[in-house]
Amino acid sequence: MLLTHEPLIRLGFFTGVLALMAGWELLAPRRPQAIGRDLRWPSNLGIVVLDTLLLRLVFPTAAVGFALLAAERGWGLFNAVAVPEWLAVVGSVLILDLAIYLQHVLFHAVPAFWRLHRMHHADLEFDVTTGLRFHPFEILLSMGIKLAVVALLGPPAVAVLIFEVLLNATSLFNHGNVGMPAGLDRALRWIVVTPDMHRVHHSILPHETNSNFGFNLPWWDRLLGTYRAQPSAGHEAMTLGIEQFRTPRDLWLDRLLTQPFRGPASGYPINRREENADDLRRAS
Ligand SMILES: [Zn+2]
Ligand SMILES: [Zn+2]
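Residues numbered from 1 in each chain as written. Chains lettered and ligands numbered in written order. Predicted model: local features only at pLDDT ≥ 70, side-chain atom pairs only at ≥ 80, totals over all residues.

### Some details on the nonpolar core
Here is step 1 of the chain: By size, the foremost hydrophobic cluster in this structure holds 27 residues, and its most contacted members are A63, V64, A67, V150 and V160.
Here is step 2 of the chain: Elements with a minimum of two residues in this core: α3 (62-73), α5 (85-109), α7 (136-153), α8 (157-174) and α10 (195-201).
Here is step 3 of the chain: Of all the elements, α3 adds the most residues to this core, at six residues.
Here is step 4 of the chain: Non-local contacts of A67, meaning those with residues more than four positions away in its chain, are made with V150, P155, P156, A157 and V160.
Here is step 5 of the chain: Core analysis: the next-biggest nonpolar cluster, separate from the first, contains 12 residues, I47, L116, I242 and L256 among them. (Core = buried A, V, L, I, M, F, W, Y, C linked by C-beta atoms within 7 Å. Buried ≥ 20, exposed ≤ 12 C-beta atoms within 10 Å, placed from the backbone. Helix = DSSP H or I, 4+ residues; strand = E, 2+ residues; numbered from the N terminus. Contact = placed C-beta atoms within 7 Å.)

Here it is, written out as structure tokens:
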């Protein structure tokens, strides 16, 4: 039942939230955009079609199907110990979210992984479609990691579905170029990553890029010391993107796909920090 309806449930939430956020961006944008949607949206939406097709091809049943398999075989924590269903669901959603946070830190720390993940950061604007812009290899790798977590955790399949729908919706929400009253943003930040919180993560400055790794729950950043409240230049004046890939041509789909293989990994990953400082010194 869950498995046959899973793609439709996810597609429904996805298109609904996407339309809602796109409407909000039109009515109350947070920042004026210098680069038009006509240049960015076809590539960012193209990549999500590509990612979805590739995922279905490589992992036909996805994480929900894998959770059902894990239950059948008795794999993982929650299939080994008897706990109330609600506890298994809540616990699984929390642990899956922590795993995605840690994976995001990993993608920023390891230079080879950063080459894949930086494509997400190289978007020169920040709006709802940025939340869909991930390199296919990163998508495959993170699904592999998610399946490993599911095998170890043995979460109820419905928890995995809730988590996937939630993560998809919050990723669209927290990349929105949407304005809201500062008080509302402050209040929402206690339960969900807001656009202002995640925009800090898209700053060109490495110490701001390496902050606010959460996509969904904001607690991991606060608990683990990676939280940064605001960008130093302010939300309107801050520069988005990374130091590489800053021409309009770099926003085309073909360039997005070849980005991991072009240029040095320099600048952002932890053991390349000094190199970046040298580059900056030479440039100034
Ligand atoms: Zn990132
Ligand atoms: Zn992002």
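Anyway, onward from the coordinates.
### Details of the environment of A67
Here is step 1 of the chain: Among the secondary structure elements, A67 is positioned in helix α3.
Here is step 2 of the chain: Since 31 C-beta atoms lie within 10 Å of it, A67 is described here as buried.

### Side note on the UniProt feature "domain: Fatty acid hydroxylase" (unreviewed entry) in the protein chain
Here is step 1 of the chain: Within this numbering scheme, the UniProt entry marks residues 92-226 as carrying the feature "domain: Fatty acid hydroxylase" (unreviewed entry).
Here is step 2 of the chain: Measuring from the first to the last C-alpha atom of residues 92-226 gives 23 Å, for a span that is 66% helix and 0% strand. (UniProt positions renumbered as here; feature names shortened; annotations may be inferred.)

### Brief notes about the UniProt feature "transmembrane region" (unreviewed entry) in the protein chain
Here is step 1 of the chain: Listed under "transmembrane region" (unreviewed entry) in the UniProt record, and renumbered for this structure, are residues 7-27, 48-71 and 147-167.
Here is step 2 of the chain: Between the end C-alpha atoms of residues 48-71 the distance is 30 Å, and the span holds 88% helix and 0% strand.
Here is step 3 of the chain: Secondary structure content for residues 147-167 is 86% helix and 0% strand, while the C-alpha to C-alpha distance between its ends is 16 Å.

### Regarding the packing of α5 against α7
Two packed helices can be described by the angle between their axes and the distance between those axes.
Here is step 1 of the chain: Across the interface, α5 lies against α7 with an axial gap of 11 Å and an inter-helix angle of 145 degrees. For α5 against α7, the interelement crossing comes out right-handed. The residues of α7 that touch α5, namely those facing S92, I95, L96, A99 and Q103, are S142, I145, V149 and L153.
Here is step 2 of the chain: Grouping the constituent residues of the contact of α5 with α7 by class yields six nonpolar, three polar and no charged. (Axes fitted to C-alpha atoms, helices over the stretch in contact; angles between N-to-C directions. Left-handed = near helix turned anticlockwise from the far one by under 90°. Nonpolar A, V, L, I, M, F, W, Y, C, P; charged D, E, K, R; others polar.)

### Let's talk about the environment of A157
Here is step 1 of the chain: Positionally, A157 belongs in helix α8.
Here is step 2 of the chain: Residues A157 and V64, spaced 93 residues apart in sequence, show a C-alpha to C-alpha distance of 5.3 Å.
Here is step 3 of the chain: Setting aside anything within four residues of it in sequence, one finds A157 in contact with L2, V64, A67, L68 and A71.

### Some details on unusual backbone geometry
Here is step 1 of the chain: The phi angle at N212 is positive, at roughly 50 degrees, despite the residue not being glycine.
Here is step 2 of the chain: On the neighbour-count criterion, N212 (26 C-beta atoms within 10 Å) is buried.

### Topic: the confidence of the model for the protein chain
Here is step 1 of the chain: Residues at a pLDDT of 70 or more form 95% of the protein chain, whose mean pLDDT is 93.
Here is step 2 of the chain: Confidence, expressed as mean pLDDT per element, reaches its minimum in the protein chain at helix α14 (residues 273-283) with 61 and its maximum at α10 with 98. (pLDDT = per-residue confidence, 0-100.)

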